[in-house]
Amino acid sequence: AWSITRRTFAYTCHTLLPEALETWPVPMFGRLLPRHLEIIYALNKSFLADVRARYPGDDDRIARMSLIQEDPERRVRMANLATVGSFAVNGVAELQSRLLAQTTLRDFAELWPEKFLNETNGVSPRRFLRLANPRLSGLITARLGDQRWLTDLERLRELEALADDEEFRARWREVKRQNKLDLAFHTLDATGIAIDPASLFDVMVKRLHEYKRQLLKLLHVLTVYNRIKTDPAVAVTPCVVIFGAKAAPSYHEAKRIIKLINSVASVVNGDPDVAGRIKVVFLPDYNVSVSELVVAAGNVSEQISLAGKEASG
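Rules behind the numbers
- Residues numbered from 1 in each chain as written.
- Predicted model: local features only at pLDDT ≥ 70, side-chain atom pairs only at ≥ 80, totals over all residues.
- Heavy atoms only, no water.
- Phe/Tyr/Trp six-rings, centres within 6.5 Å; stacked < 30°, edge-to-face > 60°.
- Helix = DSSP H or I, 4+ residues; strand = E, 2+ residues; numbered from the N terminus.
- Lys NZ or Arg CZ within 6 Å of the ring centre and 35° of its normal.
- Contact = heavy atoms within 4.5 Å.
- Polar contact = N/O pair within 3.5 Å; in protein donor to acceptor, adjacent residues only side chain to side chain.
- Pairing = 2+ DSSP bridges.
- Core = buried A, V, L, I, M, F, W, Y, C linked by side-chain atoms within 4.5 Å.
- Buried < 20%, exposed > 50% of the residue type's maximum accessible area, 1.4 Å probe, protein only.
- Right-handed = clockwise from strand over helix to strand, strands pointing away.
- Expected span 1.5 Å × (residues − 1).
- Arc of directions from axis to C-beta.

Visitor: What am I meant to see in the packing of aromatic side chains here?
Guide: Remark: the centre distance and the inter-plane angle together describe each pair of aromatic rings, the angle taken between the planes. Counted under the stated rule, the structure contains four aromatic pairs. Aromatic pair Phe 168 and Trp 172: ring centres 5.8 Å apart, planes at 55°, arrangement tilted. On the criterion of helical spacing, the pair formed by Phe 168 and Trp 172 is a turn pair, its members being four residues apart in helix 10 (residues 166-191). These aromatic residues form a ring-pair network of at least three members: Phe 47, Phe 108 and Trp 112. Sitting above the plane of the Tyr 55 ring, Arg 61 keeps its charged end 4.0 Å from the centroid. Lying across the ring of Trp 112, Lys 115 places its NZ or CZ 3.8 Å from the centre.

Structure (structure tokens):
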């Protein structure tokens, strides 16, 4: 069964951050899944015997690669288990895959270099262009003559010849304006906040997490707000800062950041000195359907995690 498992499954590791890799307390694991824990112990014994044969006397390596963390408490390391139990391991972008093999899973990459591959986590043009942005996909199809670009994105290079075409650029801008109107109506319905489609839509949509740095973006909002309060006549590009995210159920700090975003929004949006030059919106119940509206309408996409620390960055 283990042989079949290792020849069947591939493991996609989405993060370089050890704290984001799941581990489970052995006492809880044993209480809920006692037979599974027995099997994991047996797999670990066999696996570590192979590692010892390859790296005799390297106890530190054994401790790092074990499926069971010993200190400061005993925990089952799910990423180690997934790596051992798969025929291939990949990150989701070239840089992230390389750093994964050099840092987070380095010991395993040294043991099985042939197992570590890259798969780029590309945005599907069928969903985020054809389905979610029919106006833009229609314009592209009209200019390229057919829909084959959906499966051959290299054909989009043919649009470069239209970069100075005033009529094409006007239609492109109108597509964006209509998409921003769609999002403005959704925002009004979901939050009661009216936003101006003529302003710049500055978007940060992703899972709410401290390392994804939504709090840093909020501090930027406060910086702009304080500039306006210091000098109400200061020139500020009219802007709507749009957040969309969910936090894990027990991630209390992330939930406090969501609360803070909404609290800042209530202050900034209601201040007459601001006069609508900057607005803050937190879209509730963020999901793929909401994402389709946001991606089509956004002018700026905020990806401010540290380089290599987030696949989508």
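Visitor: What should I look at first to understand the environment of Lys 246 in this one?
Guide: Note on placement: Lys 246 falls in the loop between strand 8 (239-244) and helix 12 (252-269). For Lys 246 and Asp 285, which are 39 residues apart along the polypeptide, the C-alpha to C-alpha distance reads 7.3 Å. Residues contacting Lys 246, with those up to four places away along its chain left out, are Lys 206, Arg 207, Leu 208, Asp 285 and Tyr 286. In this structure the side chain of Lys 246 is engaged in a polar contact, spanning 3.4 Å, whose partner is the backbone oxygen of Tyr 286.

Visitor: Where do I start with the sheet that holds strand 3 (residues 68-69) in this structure?
Guide: In any sheet, the strands associate via hydrogen bonds between backbone groups, in a parallel or an antiparallel arrangement. Judged by pairing direction, the sheet is antiparallel, and its three strands sit side by side in the order 2-4-3 without closing on themselves. The two strands at the open ends of the sheet, each matched to only one other strand, are strand 2 (23-25) and strand 3.

Visitor: Is there a simple way to think about the nonpolar core in this case?
Guide: Side chains that are nonpolar tend, in soluble globular proteins, to be buried together. With 29 residues, the main nonpolar core has Phe 47 and Phe 108 as its most contacted residues. When residues of this core are traced back to their parent elements, those giving at least two are helix 2 (26-32), helix 3 (34-54), helix 4 (59-65), helix 5 (78-84) and helix 7 (106-111). At six residues, helix 3 tops the list of elements feeding residues into this core. Counting 23 residues, the second-largest nonpolar core is a separate cluster that includes Val 221, Val 224, Cys 239 and Ile 278.

Visitor: Just to check I follow, could you spell out the pairing of strand 7 (residues 200-205) for this structure?
Guide: Looking along a regular strand, one sees the side chains alternate between the two faces of the sheet. Most of strand 7 sits inside the fold, with five of its six residues counted as buried. Across six bridges, the pairing between strand 7 and strand 8 is parallel. In the sheet register, Leu 200 faces strand 8, and the bridge partner there is Cys 239. What joins strand 7 to strand 8 is helix 11 (residues 214-230), and the crossover it makes is right-handed. Relative to strand 10 (residues 300-301), strand 7 runs parallel, the two sharing two bridges. Considered in strand 10, the bridge of Asp 202 is made with Val 300.

Visitor: So what exactly am I meant to see when it comes to helix 12 here?
Guide: In an α-helix, one turn spans 3.6 residues; hence positions three or four apart end up facing the same way. Along its 18 residues, helix 12 runs 26 Å from first to last C-alpha, staying within 8% of the 26 Å computed at 1.5 Å per residue. Three or more residues of helix 12 are buried, namely Ala 254, Ile 257, Ile 258, Ile 261, Val 264, Ala 265 and Val 268. Down the axis of helix 12, the sector holding all buried residues measures 125°, keeping them to one side. Exposed positions of helix 12 whose direction lies more than 90 degrees from the buried face are His 252, Arg 256, Lys 259 and Ser 266. Where the residues of helix 12 are buried, they touch helix 11, strand 8 and strand 9 (278-283).

Limitation: the analysis is restricted to geometry and does not speak to function.
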